[in-house]
Amino acid sequence: MENNDVVIRLDKVSKSYRNKQVLKDIDLTIRKGTIMGLIGKNGAGKTTMIKALLGLLKLDSGKATVFGEDSWDLPGEVKHRIGYVPQKTDMFSGWMRVKDLLDYIGAFYNIWNKDKISKLVKEWSIDPDARFRDLSEGEKQKVAIVAAMGHDPELYIFDEPVASLDPIARRTFIKELIDLNLDSGSTMLFSTHITSDLERIAADVALLKDNEIKYKGSLSDLKEQYSEKMNLEDIFIELNK
Amino acid sequence: MKEYIKIFRFNYRTMPLGMLIYLTIVIFTILMKVFDSEAYILFGKVDSVFVLVFVNLFGIACILNYIILILCLKLSLNTPIFHSVPEIRNKIMNYSLLHLSFYFAWFVFIAGGLKELKLISFLVFLNLCILSLIVTAFFFDSVSVYRSRKYIIVKILFHIFGLIGIFALPAIQDKYPRSATLFYAGFAAVIIYQAVSFRRNYINFNLKESSENGFENTIRSIEKYFESMPEKSLRKRITHSEKSSDKYRELFEITIFGVYHPLIYLQYPWIAAIVFGLIIDHEGMIPFLSVIPLIAGSYLSLTIGNKDKITFLYTTSGLSRKEFVNKVLKTVLRKFLIAFLPLLPFMILYTIIYNKFTGVMEYHVPVILFVFILAAWLFLTWIVWMAVLQFADFDKLKSINSESLFSRMRFRK
């Protein structure tokens with residue numbers, strides 16, 4: 001029986017592209033209110049795992065569920081409980097102005113927190129009148145993050161959301177996530193290369209290496225296994241050796 | 001010389017398939033000179049599949065020529081490898097001129113076998129008008145002089161003269177050879193003026209100026225008006241979708257098809273006129289129909305290129321997979337049906353006018369042809385979108401697309 005507390009469950013999930021194994025027998029459970037950091041080298045399978053969770057690709061074997069539902073055929077109401085920030089922002093219509101794009105995305109949802117959106121746009125110094133295609137990569141990423149927050153989702157899935165952000169924007173973003181987690185108990189899956197950000201935000205981490213999860217558990221437990229002087233980046237390098 | 005090779009390599013890397021134009025030119029030249037010195041195949045009657053393929057390949061080579069030209073003039077300046085090359089604008093301009101001269105020399109060489117001066121004159125005028133139109137369109141925003149009243153008048157005059165050259169001159173040049181020669185001289189002078197002006201503006205980097213007064217200001221206001229129209233329409237449609245019982249259809253349409261200015265509907269009389277003209281001229285219909293597979297191929301590539309947009313719609317919509325697939329299919333088919341239907345009254349109107357003044361055409365001919373084209377297009381759309389949506393793996397489809405020939409034709413970033 002599915003535990004009500006479990007938001008994401010991957011059960012022996014495998015996926016390969018053209019005979020190249022990307023995920024192999026992955027097991028992972030993320031409970032409600034958890035902030036889970038997903039780390040791994042380029043090509044480790046982080047994005048594939050996220051796409052599998054969203055039903056954007058079909059698994060070779062195993063089962064992925066989100067809120068207890070098979071991710072390949074998520075019901076509409078479950079999809080609206082998820083806020084997804086993709087690695088690339090090509091999926092938005094570049095000809096729209098930022099304010100129109102956000103209104104357009106808002107129209108998909110039954111609940112759309114306009115005040116929160118306006119506040120974030122202002123705080124993050126996003127020009128609402130600029131056309132999306134004219135923004136820098138970092139600004140586009142900010143818009144994507146804001147757009148994912150408007151419908152107050154219960155689960156956030158971020159695929160390397162801070163890669164193009166400057167340090168100030170990264171800090172603001174992380175602060176926002178912590179606030180969201182504390183205020184509404186949102187669950188977050190956060191894939192990134194920037195391990196220092198994970199140290200600020202994530203309680204749990206999962207390390208993907210050689211198509212498998214090499215470590216999953218709390219960040220503090222992981223750190224305890226290594227010297228006190230080592231930060232997460234050093235541990236990450238050590239684990240990937 | 002090294003720089004010119006660099007520019008060639010840039011063009012090749014940006015559009016590998018486009019560079020096949022040079023190979024096509026060589027093959028065509030050999031074939032035409034060995035087997036068809038009078039250019040009968042190319043400009044004669046289309047009476048076999050071989051001729052059909054030949055004519056279409058020739059047309060594609062001509063179009064690619066202009067794409068490469070614009071690619072070279074417009075995109076190469078944005079490439080970091082050229083930033084440090086001294087006098088790069090001069091060199092790009094020389095390379096483009098060389099490419100264009102080569103193309104025109106080849107074109108006249110091939111068409112020269114015709115010994116049909118009227119047709120050669122028609123084709124050369126047509127090419128010049130297309131070239132002028134393409135260059136103006138691509139540089140209108142960046143070259144300030146194109147926005148001046150003087151230059152716009154020159155351009156309008158050029159195209160009026162060009163149209164006379166295309167349609168009227170071949171008919172009158174036997175009767176009035178002196179006037180025809182004068183016309184050619186005048187037209188050549190306008191071409192030289194345009195070429196020199198373009199070269200000066202391009203090399204001297206006379207790009208967009210800040211002066212916002214007079215005629216330029218008027219043009220800018222008109223541009224702004226046209227730019228703001230889709231935005232107003234978008235906001236109206238968003239508001240409307242919120243109250244609509246079929247909000248996802250309305251929202252999907254915006255992402256898949258965009259929002260267009262209502263003036264786009266002015267093209268219907270023209271499209272209907274072209275189709276009607278092709279019905280009257282059965283021979284013209286054959287090469288037209290043979291282009292359909294090419295259009296279908298590009299359409300397929302464009303649709304698959306929409307994968308990111310489909311991903312966005314899938315993750316954002318509150319629909320299950322099955323509901324989503326059905327909704328997208330219904331949206332796309334409905335949109336095409338609505339887009340095609342206005343052609344029918346125009347085609348019937350043209351038939352009435354045609355029957356009144358010249359020939360006799362039965363009314364069921366354009367109607368049947370219209371229904372046939374519409375049905376074929378809807379079927380193609382259904383197949384393509386089903387392939388896009390039902391494909392088991394979004395990423396797999398994307399990786400196939402990235403290796404397809406059509407996507408290799410696209411500009412790489």
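Treat the numbers as computed from the prediction; the structure is a model and nothing was measured. (Residues numbered from 1 in each chain as written. Chains lettered and ligands numbered in written order. Predicted model: local features only at pLDDT ≥ 70, side-chain atom pairs only at ≥ 80, totals over all residues.)

(A) Spotlight on the packing of helix α11 (residues 247–257) of chain B against helix α16 (residues 321–340) of chain B. Residue and element names in this part refer to chain B. Running from amino to carboxyl end, α11 crosses α16 at an angle of 70°, the nearest separation of the two axes being 9 Å. The pairing of α11 with α16 is recorded here as roughly perpendicular in orientation. Between α11 and α16 the crossing geometry is right-handed. Contact residues: α11 offers Tyr248, Arg249, Phe252, Glu253, Ile256 and Phe257, while α16 offers Lys327, Val328, Lys330, Thr331, Val332 and Lys335. Class assignment of the residues belonging to the contact of α11 with α16 gives a composition of six nonpolar, one polar and five charged. (Axes fitted to C-alpha atoms, helices over the stretch in contact; angles between N-to-C directions. Helix = DSSP H or I, 4+ residues; strand = E, 2+ residues; numbered from the N terminus. Parallel < 35°, antiparallel > 145°, perpendicular 65-115°, else oblique. Left-handed = near helix turned anticlockwise from the far one by under 90°. Contact = placed C-beta atoms within 7 Å. Nonpolar A, V, L, I, M, F, W, Y, C, P; charged D, E, K, R; others polar.)

(B) Highlighting the environment of Ser96 of chain B. By the element assignment, Ser96 of chain B lies in helix α6 (residues 88–112). In this structure the C-alpha to C-alpha distance between Ser96 of chain B and Glu223 of chain B, which are 127 residues apart in sequence, comes to 29 Å.

(C) Here's a closer look at the sheet that holds strand β2 (residues 20–31) of chain A. Residues and elements named next belong to chain A. If you trace the four strands from one edge of the open sheet to the other, you get β2-β1-β4-β5, paired in antiparallel fashion. Edge positions in the open sheet fall to β2 and β5 (69–70), since each of these has one partner strand only. In the sheet, strand β1 (residues 6–17) pairs with strand β4 (residues 61–66) via five bridges, with the strands oriented antiparallel. Its bridge partner lying in β4, Ile8 is registered against Val66. (Pairing = 2+ DSSP bridges.)

(D) Structural detail: the confidence of the model for chain B. Residues and elements named next belong to chain B. For chain B, the average pLDDT comes to 74, and 73% of its residues sit at 70 or higher. Per-element averaging of pLDDT across chain B places helix α20 (residues 405–409) at the bottom with 37 and α11 at the top with 90. Confidence over residues 396–413 falls short of pLDDT 50; this stretch has 23 contacts with residues more than four positions distant or in other chains. Here the prediction assigns the complex a pTM of 0.73, and the interface score ipTM is 0.91. (pLDDT = per-residue confidence, 0-100.)

(E) A look at the sheet that holds strand β10 (residues 212–218) of chain A. Residues and elements named next belong to chain A. Pairing in this open sheet of six strands is mixed, and the strands run β6-β7-β8-β3-β9-β10 from one edge to the other. The sheet terminates laterally at β6 (82–85) and β10, the two strands that pair on one side only. Across this sheet, the average inter-strand angle for adjacent strands is 15°, counted without regard to direction. Here four bridges tie strand β3 (residues 35–40) to strand β8 (residues 187–191), and the two strands are oriented parallel to one another. Counterpart to Gly37 in the pairing with β8 is Phe190. Across the sheet, helix α1 (residues 46–54) touches β3, β6, β7 (155–159), β8 and β9 (204–209), and the angle it forms with β7 is around 145°. Strands in contact with helix α5 (residues 137–149) are β6 and β7; relative to β6, the strand with the most contacts, it is inclined by about 175°.

(F) Looking closely at the interface of chain B and chain A. Between chain B and chain A, the residue contacts involve 27 residues of the former and 26 residues of the latter. Looking at the side of chain B that touches chain A, the elements that each hand over two or more residues are α10 (214–243), α11, α15 (307–316), α16 and α19 (394–403) of chain B. Among the residues forming the side of chain B that touches chain A, the class breakdown is eight nonpolar, nine polar and ten charged.

(G) How the structure looks around helix α17 (residues 343–357) of chain B. Residues and elements named next belong to chain B. Across its 15 residues, α17 extends 21 Å between first and last C-alpha, which sits within 8% of the 21 Å expected from 1.5 Å per residue. Residues Met347, Tyr350 and Thr351 constitute the buried set of α17. Down the axis of α17, the buried set is contained in an arc of 105°. They therefore lie on one face. In this structure, α17 carries Pro345, Ile352, Ile353, Lys356 and Phe357 as exposed residues pointing more than 90 degrees from its buried face. (Expected span 1.5 Å × (residues − 1). Buried ≥ 20, exposed ≤ 12 C-beta atoms within 10 Å, placed from the backbone. Arc of directions from axis to C-beta.)

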